[in-house]
Amino acid sequence: MFKLLPGTGLALPHNAGVLRFGMPEREAQWAVATLADVRETWVCQTGWAFTACHEGLELLAYGDCTDRLGRTDHDRDGLAAVHLRRCGFTPTGPSAVPVVFRDLDLFGYPAPEVLAALESNPHPTVRLSPARPPTGYLPGVTLSAV
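Before going into details, it helps to say that this report is about the structure given with it. (Residues numbered from 1 in each chain as written. Predicted model: local features only at pLDDT ≥ 70, side-chain atom pairs only at ≥ 80, totals over all residues. Heavy atoms only, no water.)

1. Things to note about the nonpolar core
Here is step 1: Among the nonpolar cores identified, the biggest contains 35 residues, and L12, L19, L59 and L106 are the most heavily contacted of them.
Here is step 2: The contact partners of L12, leaving out residues within four places of it in the chain, are M1, F2, G17, L19, A31, V32, L35 and L59.
Here is step 3: V43, A49, L60 and A81 belong to the second largest nonpolar core, which has 5 residues in total. (Core = buried A, V, L, I, M, F, W, Y, C linked by side-chain atoms within 4.5 Å. Buried < 20%, exposed > 50% of the residue type's maximum accessible area, 1.4 Å probe, protein only. Contact = heavy atoms within 4.5 Å.)

Right under this line is the structure:
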């Protein structure tokens, strides 16, 4: 089970640890590598990014290394956000691995039920990807530090 921890980060399944906001890239990669193969990728305006697939879910993690003026600051290269989404298909039902926020499996129920339970506004740092017809299940969620 993945568990969203706003303000802290993302708890990984199988006691693999917690991806904590601000943690260095290498530590984040090592934690995720206990679950799946980690592959470096690129995300615009970030200092680093990597991805991994675990039981039908893709995890994308990335860190920031710029200050508010856009200058490179390698002392600020910690984890900034994590995105979880279904791997390569439109979801037709619950995911194999729960993605939990406020004791609710975001990928375990149709989107209208999830949104009703969360009162449509989950948390300022949590962004839900819109569900696409005909399935109605959420395809992704992003948790950011700010």
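What follows continues from the structure just given.
2. Some thoughts on the sheet that holds strand 11 (residues 140-144)
In a beta sheet, neighbouring strands pair by backbone hydrogen bonds and run either parallel or antiparallel.
Here is step 1: An order of 4-5-6-7-11-10 is seen for the 6 strands of this open sheet, with the pairing classed as antiparallel. Looking at which strands have only one partner, the edges of the open sheet turn out to be strand 4 (39-40) and strand 10 (126-128).
Here is step 2: Bridge count for strand 6 (residues 57-63) against strand 7 (residues 79-86) is 7 bridges, and the pairing is antiparallel. In the strand pairing of strand 7, L57 is matched with R86.
Here is step 3: Sitting on the sheet, helix 1 (residues 25-33) touches strand 4, strand 5 (48-54) and strand 6, and the angle it makes with strand 5 is about 5 degrees. (Pairing = 2+ DSSP bridges. Helix = DSSP H or I, 4+ residues; strand = E, 2+ residues; numbered from the N terminus. Axes fitted to C-alpha atoms, helices over the stretch in contact; angles between N-to-C directions.)

3. Some remarks on the environment of G78
Here is step 1: Within the secondary structure layout, G78 lies in the loop between strand 6 and strand 7.
Here is step 2: Residue class for G78 comes out buried when judged on its relative accessible area of 12%.
Here is step 3: Residues G78 and W48 lie 30 residues apart in sequence; the distance between their C-alpha atoms is 9.2 Å.
Here is step 4: Every residue in contact with G78, bar those within four places of it in the chain, is listed here: G22, M23, W48, G63 and D64.

4. What to know about the pattern of salt bridges
Here is step 1: Inspection of every chain in the model, using the stated rule, returns 1 salt bridge.
Here is step 2: With its nearest N and O atoms 2.6 Å apart, the salt bridge here joins E58 to R85. Residue E58 is found in strand 6, and its partner R85 is found in strand 7; the two are separated by 27 residues along the sequence.
Here is step 3: According to the relative accessible area criterion, E58 is buried, its value standing at 17%. (Salt bridge = Lys/Arg side-chain N within 4 Å of Asp/Glu carboxyl O.)

5. Structural notes on the packing of aromatic side chains
Here is step 1: For the structure shown, the criterion picks out 1 aromatic pair.
Here is step 2: Arranged with centres 6.0 Å apart and planes meeting at 5 degrees, the rings of W48 and F50 form a pair that is stacked.
Here is step 3: W48 sits in the buried class, given a relative accessible area of 8%. (Phe/Tyr/Trp six-rings, centres within 6.5 Å; stacked < 30°, edge-to-face > 60°.)

6. Quick look at the side chain of H83
Here is step 1: Within the secondary structure, H83 sits in strand 7.
Here is step 2: Among the polar contacts listed, one links the side chain of H83 to the backbone oxygen of V141, at a separation of 3.3 Å.
Here is step 3: One polar contact links H83 to T142, side chain to side chain, over a distance of 2.5 Å.
Here is step 4: If we ignore the near neighbours within four places in the chain, the residues touching H83 are E58, L59, L60, S129, V141 and T142. (Polar contact = N/O pair within 3.5 Å; in protein donor to acceptor, adjacent residues only side chain to side chain.)

Honestly, that's just the spatial picture; any functional story needs more than this.
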